[in-house]
Amino acid sequence: MRAFFLYLARKEGFKNFALNFKFFRKTASRFIAGDTLDDAIRVIQHASQRNIRSTLDLLGENTQSRADASRTSEELIRTQGRIHHEEADCNLSVKLTQLGLKLDPEFCEQNLIRIAKYAKDLGAFIRVDMEDSSCTDQTLEIVDRAYGLLGNVGTVIQAYLYRSEQDVTRMNPKGIRIRLVKGAYREPESIAYRRKKDTDANFVKLMKMLLQSGTYPAIATHDASIIRTAKKFAQSKRIPKDAFEFQMLYGIRRDLQHQLAREGYNVRLYIPYGSQWYPYFMRRLAERPANVTFLVRNLFMERRFKEKHDNT
Ligand code: FDA
């Protein structure tokens, strides 16, 4: 099921089909703040009332032209300005393929640096999301250089990749901030763990490394058992609660987000917004079969509604 939805995430044909059906958009809205920045700002404000910080993701990936990548960069700069104006405790999460990585890595790097420089002048941090393994080396190299130049750029490490321990070992001494995730893409067995229990074990191993020697690491998971392990480990090593943060995705385990914030942990919510929701939504479906049931239920409800309407 996971492989199937990750396959569909890359299929333009199915994307066009999905975009034409309201129930897809309706179901996706569980995971997406809305189409506009105003929608996202409302979610940020709501989270902040519960002591939850945010990171904004302007949806979009694999940009097809330099003009689109430049437009997205401008939009991200405007978004950064708006976040500052709203005095929101929020940073930006960006994807390098959104800034033109697949078109021209140097051009992409310049776009990232332009955004990060603007953010730095406002005292803000930029997180570079990690995409599939065809981007890993270039993403880490670009982040490394941008961090060396500006200091306010961090990235993401995926626990399912065998290489990740080496990447953490290399990046920790430099002080680059890392968000640890399990990994959301479809990767071959030659480079990534296939079994959940292996990925989970690697996640815990890397998490302990980051908690002990990372720079304000982000433990990004909804896995309650791993979160319990993180809390216990931090307590046993006397790592203060403000030395790291938990991160979760909008629309998933809100109960756990609120509980952690009430317990005094730093919690950050990843808030996607915009019209390019299709691949992001497909990855969320792939993560949990129950989400597919939810989608199918919406489909039937819409059908029934239409039939009722047609008969009246
Ligand atoms: P796991 O999949 O084991 O789920 C644990 C529990 O969480 C489930 O039992 C369920 O209760 C809940 N849950 C998880 N996913 C759900 C879903 N889709 N719908 C409903 N419930 C769900 N990946 C990546 O490759 N690059 C990146 O840059 C990022 N960035 C990122 C930022 C943040 C803040 C988070 C939280 C995650 C990412 N990810 C990511 C995604 C990550 O790799 C992973 O796919 C998801 O977080 C799901 O894995 P869990 O750690 O939650 O564990």
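Residues numbered from 1 in each chain as written. Predicted model: local features only at pLDDT ≥ 70, side-chain atom pairs only at ≥ 80, totals over all residues. Heavy atoms only, no water.

Undergrad: For this particular structure, what's the right way to read the overall build of the protein chain?
TA: A tally of helices and strands in the protein chain yields 13 helices and eight strands. Here the C-alpha atoms of the protein chain give a radius of gyration of 19 Å, agreeing with the 20 Å that 2.2 N^0.38 yields for 312 residues. Principal-axis analysis of the C-alpha atoms places the extent of the protein chain at approximately 65 × 45 × 45 Å. A buried classification covers 52% of the 312 residues belonging to the protein chain. For the protein chain, restricting intrachain contacts to residue pairs at least 6 apart in sequence, the fraction spanning at least 24 positions comes to 72%. Total accessible area on the protein chain stands at roughly 15,300 Å², and carbon and sulfur atoms take up 50% of it. (Helix = DSSP H or I, 4+ residues; strand = E, 2+ residues; numbered from the N terminus. Rg over C-alpha atoms; globule rule 2.2 N^0.38 Å. Buried < 20%, exposed > 50% of the residue type's maximum accessible area, 1.4 Å probe, protein only. Contact = heavy atoms within 4.5 Å. Areas by Shrake-Rupley, 256 points an atom, 1.4 Å probe, with all protein chains shown as cover.)

Undergrad: Help me understand the environment of Ile 113 in this model?
TA: Assignment of secondary structure puts Ile 113 in helix H6 (residues 105-121). Separated by 116 residues in the primary sequence, Ile 113 and Thr 229 have C-alpha atoms spaced 36 Å apart. The residues contacting Ile 113, other than those within four sequence positions of it, are Ala 146, Leu 149 and Leu 150.

Undergrad: Help me understand the site of the ligand in this model?
TA: Surveying the vicinity of the ligand reveals 26 residues, the closest of which are Gly 183, Lys 196, Thr 221, His 222 and Glu 287. Contact between the ligand and Lys 182: an oxygen atom at 2.7 Å from a side-chain N or O atom of the residue. In the environment of the ligand, an oxygen atom lies 2.7 Å from a nitrogen or oxygen atom belonging to the side chain of His 222. Surface burial for the ligand is 88%, taken as the share of its 930 Å² of free accessible area covered by protein chains. (Near = heavy atom within 4 Å. Polar contact = N/O pair within 3.5 Å; in protein donor to acceptor, adjacent residues only side chain to side chain.)

Undergrad: Sorry, what's going on with the pairing of strand E1 (residues 53-58) here?
TA: One face of the sheet, then the other: side chains in a regular strand alternate in exactly this way. For E1, the buried fraction is high: five of the six residues fall into the buried class. With six bridges connecting them, E1 and strand E8 (residues 267-273) associate as parallel partners. In the strand pairing of E8, Leu 58 is matched with Tyr 273. (Pairing = 2+ DSSP bridges.)

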